[in-house]
Structures are given as C-alpha cells and as structure tokens.
Amino acid sequence: MRVSQYAYFALSSTQMSATEITARLRVEPDEVTMRGSRIADPPRPVAHTWRVVCRTARLTVDEQIARIVDRLFEHAERIGALAAELDRMDGQSGASRLQVVRIYEHPNGEEEEDTNRAEGLAKLAGQHQLLGWHLGARALEFLRLTRAQLDVDEYAYG
C-alpha cells in the first residue's frame with residue numbers, strides 16, 4: 001500500500017483576506033487562497049485561507065504536526081485571539097483548524113517498509129510505517145491556545 005499524507009494549520013474567513021491575516025499575525029504563510037478566486041458566484045473557494053503546511057515525506061503525522069506547532073507555538077495566543085475575532089466577524093465558529101490529509105494508494109505515496117521500526121517488535125504485512133499517530137501535550141495546548149478544531153480526512157486515490 002502507498003500512503004501520501006500532509007498536515008497544515010489554517011485560519012479562514014469570509015471577511016478578512018489572507019493578506020490581512022498575515023499582517024495581523026506577522027507570520028508568513030506557506031499557502032493562501034482568496035475567496036471567489038476560482039468561481040465568483042457562488043464564491044469558490046468560499047473563504048480566504050492562510051496556511052502553514054508540512055508536506056515533508058517520510059514523516060509520521062505527529063512529526064508533521066510537531067513541525068507546524070514548533071513553527072507557530074510562540075504565536076499561539078495571538079492566533080487564538082485572531083481566530084476568536086474571525087469567528088465573531090463571520091458569525092460562526094471554526095476559523096482556526098489543524099488539518100490532516102491522508103491518501104491511500106496514491107501513486108506518489110510512500111511504500112510500506114519491510115523493516116521493523118522498533119527493536120524487538122515483529123512487523124506484520126499491512127502495518128504501514130506511516131499509519132497511527134498521536135497528539136502530545138504540546139500539540140494539544142497549541143490547539144487550545146489557537147482555538148483550533150482538528151479535522152482529519154482520509155481518502156482512497158482514484
């Protein structure tokens with residue numbers, strides 16, 4: 001089985017642009033989207049989005065999340081305050097989220113390794129080295145401080 005995965009932290013708003021979010025946070029994003037940039041009516045995407053992304057191959061989800069948290073943790077309280085403002089401005093919750101995306105059988109995904117990762121453990125077929133993950137106390141504190149929702153999407157390719 002081939003697995004492709006990545007994680008990102010995002011702030012989204014129907015009212016505030018990604019440029020304004022960047023100016024308010026004083027943190028450069030890796031990616032941005034602009035509301036209505038693909039289709040004007042109805043607007044697609046539906047919101048402006050500011051993202052910090054980890055697409056580094058061969059890392060587990062928790063390692064990808066740790067890279068994002070390490071990059072943003074010092075800004076977490078400011079992010080949380082802005083997320084609360086965006087929720088009020090947009091009239092709904094969910095401006096802040098940590099997203100995990102995993103795609104099974106992706107042609108560019110990573111193959112399952114035949115070797116054991118931990119000494120003394122027998123690896124069975126179907127125990128892909130990227131499967132399984134956890135959130136430690138620091139990541140959970142980051143989610144709390146940033147008022148972020150956790151969203152995990154898993155897809156079969158094709």
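Just above sits the structure.
Once a new chain begins, its residue numbering starts again from 1 and follows that chain's sequence as written. Two thresholds apply to this predicted model, a pLDDT of at least 70 for residue-level local features and 80 or more for giving and counting side-chain atom pairs, whereas whole-chain, interface and lining totals are computed over all residues. Calculation of side-chain values draws on the structure's entire complement of heavy atoms; hydrogens and water are dropped beforehand.

### Remarks on helix α3 (residues 76-90)
For step 1, the next point in the chain: With 15 residues, α3 extends 21 Å between its outermost C-alpha atoms, agreeing within 8% with the 21 Å of an ideal straight helix rising 1.5 Å per residue.
For step 2, the next point in the chain: Relative accessible area decides the class of each residue, using a 1.4 Å probe on protein chains only: under 20% of the type maximum gives buried, over 50% gives exposed, and in between gives partly exposed. Here a strand is any run of E in DSSP of at least two residues, a helix any run of H or I of at least four, and the numbering for each starts at the N terminus. Residues of α3 that are buried include every one of A76, I79, G80, L82, A83, A84, L86, D87 and D90, and no others.
For step 3, the next point in the chain: Whether two residues are in contact is decided by their heavy atoms, any of which lying within 4.5 Å being enough. The inward-facing, buried residues of α3 abut β1 (2-13), α1 (18-25), α2 (61-72), β4 (96-104) and α4 (137-146).
For step 4, the next point in the chain: Of the residues trailing α3, G91 is marked for its positive phi of about 75°. By definition here, a helix of n residues has an expected span of 1.5 Å times n minus one.

### Quick notes on the packing of α3 against α4
For step 1, the next point in the chain: Each axis is a line fitted through C-alpha atoms, taken for helices only over the stretch in contact, and angles between the N-to-C directions span 0 to 180 degrees. Packing of α3 against α4 brings their axes to within 7 Å, and their N-to-C directions diverge by 40°. By the criterion of interaxial angle, the relationship of α3 to α4 is oblique. Residues A76, E77, I79, G80 and A83 of α3 touch α4, and the partners they reach there are F142, L145 and T146.
For step 2, the next point in the chain: Class assignment of the residues belonging to the contact of α3 with α4 gives a composition of five nonpolar, two polar and one charged. Relative orientations are named as follows: roughly parallel for angles under 35 degrees, roughly antiparallel for angles over 145 degrees, roughly perpendicular for angles from 65 to 115 degrees, and oblique for any other angle. Amino acids are sorted into nonpolar (Ala, Val, Leu, Ile, Met, Phe, Trp, Tyr, Cys and Pro), charged (Asp, Glu, Lys and Arg) and polar (every other residue, Gly among them).

### Quick notes on the environment of P43
For step 1, the next point in the chain: Topologically, P43 is positioned in the loop between β2 (31-33) and β3 (48-54).
For step 2, the next point in the chain: For P43, the residues in contact, after removing those within four places along its chain, are R35 and G36.

### Brief notes about the layout of surface pockets
For step 1, the next point in the chain: When its volume is computed, the largest pocket comes out at roughly 220 Å³.
For step 2, the next point in the chain: The set of elements that each furnish at least two residues to the lining of the largest pocket consists of β1, β3 and α3.
For step 3, the next point in the chain: The class makeup of the residues in the lining of the largest pocket is five nonpolar, eight polar and five charged. Buriedness for pockets is judged along seven lines, at least five of which must meet protein on both sides within 12 Å for an open set on the 1 Å grid over protein atoms alone, while cavities are sets there where a 1.4 Å probe fits but cannot get out, and lining residues have an atom within 4 Å of a point. Grid points are joined across faces, edges and corners, and a volume is the space filled by probe spheres set on the points.

### As for the pattern of salt bridges
For step 1, the next point in the chain: For this analysis, a salt bridge means a side-chain nitrogen from Lys or Arg found within 4 Å of a carboxyl oxygen belonging to Asp or Glu. By the definition in use, this model includes seven salt bridges.
For step 2, the next point in the chain: Of the charged contacts in the structure, one is a salt bridge between D70 and R138, with a shortest N-O distance of 2.4 Å. Within this pair, whereas D70 is found in helix α2, its partner R138 is found in helix α4, the two being separated by 68 residues in sequence.
For step 3, the next point in the chain: A relative accessible area of 52% means that D70 is categorised as exposed.
For step 4, the next point in the chain: Where R144 meets E141, a salt bridge forms, and the shortest distance between an N and an O atom there is 2.6 Å.

### Focus: the nonpolar core
Among soluble globular proteins, nonpolar side chains are generally buried collectively.
For step 1, the next point in the chain: By nonpolar core we mean a set of buried residues, namely Ala, Val, Leu, Ile, Met, Phe, Trp, Tyr and Cys, connected to one another through side-chain atoms within 4.5 Å. Judged by nonpolar contacts, the single largest core of 31 residues is most densely connected at F9, L11, I21, L25, W50, I65 and L72.
For step 2, the next point in the chain: Of all the secondary structure elements, the ones that give two or more residues to this core are β1, α1, β3, α2, α3, β4 and α4.
For step 3, the next point in the chain: Contacts of L11, omitting those with residues within four sequence positions, involve I21, L25, H48, T49, W50, I79, L82, A83, L86, A95 and S96.
For step 4, the next point in the chain: With six residues, the next largest nonpolar core counts Y6, Y8, A10 and V53 among its residues.

### Observations concerning unusual backbone geometry
For step 1, the next point in the chain: In this model, D41 is joined to P42 through a cis peptide bond whose omega is -5°.
For step 2, the next point in the chain: Checked against the element boundaries, P42 lands in the loop between β2 and β3.
For step 3, the next point in the chain: The backbone of R26 sits at a positive phi, close to 60°, despite the residue not being glycine.
For step 4, the next point in the chain: Relative to the helices and strands, R26 is located in the loop between α1 and β2.
For step 5, the next point in the chain: Since its relative accessible area comes to 61%, R26 is described here as exposed.

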